[in-house]
Amino acid sequence: MLSVEGRLKTRVEAIDYEARTFRCKNRRGVLTTYKVGKDAKRFNEVRRGDMLVVDYKGTVAISVK
């Protein structure tokens, strides 16, 4: 298992309030969807086109055969 964390500055391309997700483009133009936890306050105020600074953490499992 590999822990991944970092900071992302991005513009919101799409947002789904019910699923608590937003979609943004990386520097190469690839769209990625991020899930927002319930502890994130004011998520309902985020709009398409807003610039966000996102701190993220995750775990990646790698299998080598």
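This write-up is about the structure you can find in this document. This is a predicted model, so every value here is computed, not measured.

## Some details on the environment of Thr-59
Stage number 1. Considering the arrangement of structural elements, one finds Thr-59 in strand S4 (residues 51-60).
Stage number 2. For the pair Thr-59 and Val-36, spaced 23 residues apart in sequence, the C-alpha separation works out to 15 Å.
Stage number 3. Contact partners of Thr-59, with chain neighbours within four places excluded, come to Met-1 and Leu-2.

## Examining the environment of Arg-11
Stage number 1. With respect to the helices and strands, Arg-11 occurs in strand S1 (residues 2-16).
Stage number 2. Residue Arg-11 is classed as partly exposed on the basis of its relative accessible area, which comes to 44%.
Stage number 3. Taking the C-alpha atoms as reference points, Arg-11 and Ala-40, 29 residues apart in sequence, are found 17 Å from one another.
Stage number 4. Residues in contact with Arg-11, not counting those within four places in the same chain, are Arg-23, Cys-24, Lys-25, Gly-49, Asp-50 and Met-51.
Stage number 5. A polar side-chain atom of Arg-11 sits 3.2 Å from the main-chain carbonyl oxygen of Gly-49.

## Brief notes about the nonpolar core
Stage number 1. One finds Leu-8, Val-12, Phe-22, Cys-24, Val-36, Phe-43, Val-46, Leu-52 and Val-54 forming the largest nonpolar core, which totals 9 residues.
Stage number 2. Sorting the residues of this core by element identifies S1, strand S2 (21-25) and S4 as the ones contributing at least two each.

## As for the pattern of salt bridges
Stage number 1. Throughout the structure, instances matching the rule amount to 2 salt bridges.
Stage number 2. Note that Asp-55 is salt-bridged to Arg-7, the shortest N-O span being 2.7 Å. Of this pair, Asp-55 sits in strand S4 while Arg-7 sits in strand S1; the two residues are 48 residues apart in sequence, bridging distant segments of the chain.
Stage number 3. Residue classification places Asp-55 among the exposed positions, given a relative accessible area of 54%.
Stage number 4. Among the residues examined, Arg-7 registers a relative accessible area of 62% and is labelled exposed.
Stage number 5. Here Arg-42 and Glu-45 are joined by a salt bridge, their closest N and O atoms 3.0 Å apart.
Stage number 6. What makes Arg-42 exposed here is its relative accessible area of 60%.

## Quick look at the sheet that holds S4
Backbone-to-backbone hydrogen bonds join strands into a sheet, with any given pair of strands oriented parallel or antiparallel.
Stage number 1. Taken in spatial order, the 4 strands make up an open sheet running S3-S2-S1-S4, and their pairing is antiparallel. The open sheet has two edge strands with one neighbour each: strand S3 (31-35) and S4. Averaged over all pairs of adjacent strands, the angle between strand axes in this sheet comes to 50°, irrespective of strand direction.
Stage number 2. As paired strands, S1 and S4 are joined by 10 bridges and run antiparallel to one another.

Scoring rules and cut-offs
Residues numbered from 1 in each chain as written. Predicted model: local features only at pLDDT ≥ 70, side-chain atom pairs only at ≥ 80, totals over all residues. Heavy atoms only, no water. Helix = DSSP H or I, 4+ residues; strand = E, 2+ residues; numbered from the N terminus. Contact = heavy atoms within 4.5 Å. Buried < 20%, exposed > 50% of the residue type's maximum accessible area, 1.4 Å probe, protein only. Polar contact = N/O pair within 3.5 Å; in protein donor to acceptor, adjacent residues only side chain to side chain. Core = buried A, V, L, I, M, F, W, Y, C linked by side-chain atoms within 4.5 Å. Salt bridge = Lys/Arg side-chain N within 4 Å of Asp/Glu carboxyl O. Pairing = 2+ DSSP bridges. Axes fitted to C-alpha atoms, helices over the stretch in contact; angles between N-to-C directions.

In short, geometric facts, not functional conclusions.
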